[in-house]
Amino acid sequence: MFIPTTKKELDALGWEKCDIIFVSGDAYIDTYFDGCALLGKYLIKQGFRVGIISQPDIDSPDDISRLGLPELFWGVSGGAMDSMVANYTSLGLRRKEDDLTPGGINNRRPDRAVLKYVNLIQRTFKEKRPITIGGIEASLRRFAHYDSHTDKIRGSILADSKADILVFGMGERANLELANALKNGENIEQIRGVCYMSKTIPEGFVQLPDFEECAVSKDKFLEMSKLFFRSCKLKKGIFQKQAGRFIVQNPPALPLTSAELDEVHELDFERKVHPYYAAMGEVRALDTIKTSVLTHRGCFGACSFCSITAHQGADIVSRSEGSIIREITEIASRPGFNGVISDLGGPTANMYGMDFVKGENGHCALKECLFPEVCNKLPADHSRQISLLKSVRKIKNIKHIFISSGIRYDLILADRIHGEEYLREILTHHISGQMKIAPEHIIKSVTDLMNKPDGKNLKEFKDLFDRTVKKLKSPLFLTYYFIAAFPGCTERDQTEAKRFISAVLKTNPKQVQIFTPTPSTEATALYWTEKSFDGRKIFVEKNFSKRKRQKEIITERKKL
Ligand code: SF4
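Just so we're clear, the structure is a prediction, and the values are computed from it rather than from any experiment. (Residues numbered from 1 in each chain as written. Predicted model: local features only at pLDDT ≥ 70, side-chain atom pairs only at ≥ 80, totals over all residues. Heavy atoms only, no water.)

## A closer look at the domain arrangement of the protein
Inference 1: According to the domain assignment, the protein contains domain 1 (7–249), domain 2 (291–428) and domain 3 (433–560).
Inference 2: Here the C-alpha centre of domain 3 lies 33 Å away from the C-alpha centre of domain 1.
Inference 3: Listed per partner, the contact involves 21 residues of domain 1 and 23 residues of domain 3.
Inference 4: Roughly 2000 Å² of surface becomes buried between domain 1 and domain 3 when both sides are summed, with 69% attributable to carbon and sulfur atoms.
Inference 5: The largest share of the area that domain 1 buries against domain 3 comes from L91, Y146 and K218, three residues that together contribute 32% of it.
Inference 6: At the surface where domain 1 touches domain 3, the tally comes to one salt bridge.
Inference 7: The closest approach of N and O atoms between D219 and K531, which form a salt bridge, is 3.0 Å.
Inference 8: The interface formed by domain 1 and domain 3 contains five residue pairs in polar contact (both at pLDDT 80 or more).
Inference 9: Every element with two or more residues in the side of domain 1 that touches domain 3 is listed here: β5 (145–147), β6 (152–154) and α9 (218–233).
Inference 10: At nine residues, α9 tops the list of elements feeding residues into the side of domain 1 that touches domain 3. (Domains from an automatic or database assignment. Contact = heavy atoms within 4.5 Å. Buried area = accessible area lost by both parts, 1.4 Å probe. Salt bridge = Lys/Arg side-chain N within 4 Å of Asp/Glu carboxyl O. Polar contact = N/O pair within 3.5 Å; in protein donor to acceptor, adjacent residues only side chain to side chain. Helix = DSSP H or I, 4+ residues; strand = E, 2+ residues; numbered from the N terminus.)

Quick look at the structure:
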């Protein structure tokens, strides 16, 4: 069953109205990779009537009002990515194409989609219902943040949008508690995983420097960023003053348990675009999504340019092998299935089965597990994955199961018992043509600012890879992802990296991304303040053509 997006569907369900209406910046694809679809299906299973309105036209009331007013609340999301990242390249050029818009043309998701959709609802409906904002865009703009599009510090999106509640992180628990609290007329300010505006501050919460201070002082912004990330790791309540009021963030929602993760991933998803949007044109993202399977949540990689820690958290929660097998069996039994699972993975594919909660059971809350070196308490053990891979290969109608999600090669090296066996398994059965790894850089002074291992570690993995493919008599080869113009990286560093890449990796990389300072990552704080978290002044390339030049240094073809 699709979640309704038209009045006709409400009538067919015998629903006079919806309790909750989600508004999204992406076309509605009925899978758990679509945050609004996942929350919608989860809340319907809990007995609520839910509707979805995707990519409403912001210049007319028609789209936003076609399901009427919800009984309980609106849930607004910019989509799977921040709308400014979805709509613009790392050099600030508008993207022409969009894989999450029917027809593939980037012409339906407005810039700053969350702000625009909240404003559209407020303009269109005289009768008010609470508006919640969630998803990546809202989550990572919940406090003062650097906005690359305007090259300045912007205030909290909750304050700027005048929405009522912001749900940060993975939203199942918070949205269900919100729905029940609103249904029963209870206070919603106690719910974990939400932010709200207040005139008063709760006891024991961590105070961040005021927005107004951060907007004019880079040192204040750096101080704020360090305190924010530290408090996120400690799962504390946080607040920040902006325009005389407080943005209060409660402690994060507790992660779902493995059994709950199984439950939400086994909801009856159609794995198709809703016909209403499919009629508008092909949604290209469906091609990979419809046969992709998620095995776990969380990532303890802590790459400084990544927002997963601030959004999804570092704690690994894995689905059961049984649940994953049931899902693949269901996909493989569908008419038209071509025998291929395009991805079996997660934020980092090879963290499946390495479940632990930071700050509990002898694990610390603050240190990074993989940086500067792999912690000896880390349960770096690929055995559960190897067992899962062996099981899913036996499922009827399965020809190939690919791992397309990122793989941390330093984790394979760290697993002295099962690492090599895991590598053999994936190279033999689950990688086609080339194994993609993301060292991102080579030079220690840059990789240290990324919280990533340097070239020495990469060389060790390449040697293991070469030995393994030789034994397997396999034609597979490695391809590498690099980032150019990362904070702290000079042209000289790039040239030195190129020298290493040519001499040691013997390749001319093509996959080089120019660093994009996205909201609420450590790397973005480095970019804006031109300082490292220990207060050292660092070089940051901000000149458009020199940023491009840094990319060209790595991609230019060299005689190997
Ligand atoms: S003790 Fe080690 S493995 Fe555990 S959370 Fe801390 S750094 Fe990570």
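There is more to say after this.
## What to know about the pattern of salt bridges
Inference 1: Enumeration over the complete set of coordinates arrives at 38 salt bridges.
Inference 2: Two residues, R94 and D111, come together in a salt bridge whose shortest N-O distance is 2.9 Å. Of this pair, R94 sits in the loop between α3 (83–87) and α4 (113–124) while D111 sits in the loop between α3 and α4; the two residues are 17 residues apart in sequence, bridging distant segments of the chain.
Inference 3: One connected set of salt bridges, linked through shared partners, spans D82, R112, R141 and D147.

## Re the packing of aromatic side chains
Inference 1: The tally for this structure, following the rule as stated, stands at 18 aromatic pairs.
Inference 2: With a centroid separation of 5.0 Å and 55° between ring planes, the pair formed by W74 and F125 is classed as tilted. Here the residue W74 occupies a position in strand β3 (residues 73–77), and F125 occupies one in the loop between α4 and β4 (131–134), the gap between them amounting to 51 residues. Like F125, W74 is buried.
Inference 3: These aromatic residues form a ring-pair network of at least three members: Y146, F305, F486, F515, Y527 and W528.
Inference 4: Its end group placed over the ring of W528, K218 keeps NZ or CZ at 4.2 Å from the ring centre. (Phe/Tyr/Trp six-rings, centres within 6.5 Å; stacked < 30°, edge-to-face > 60°. Buried < 20%, exposed > 50% of the residue type's maximum accessible area, 1.4 Å probe, protein only. Lys NZ or Arg CZ within 6 Å of the ring centre and 35° of its normal.)

## Points about α4
Inference 1: For α4, spanning 12 residues, the distance from its first C-alpha to its last is 16 Å, which sits close to the expected 16 Å at 1.5 Å a residue.
Inference 2: Listing the buried residues of α4 in full gives A113, V114, L115, Y117, V118, L120 and I121. (Expected span 1.5 Å × (residues − 1).)

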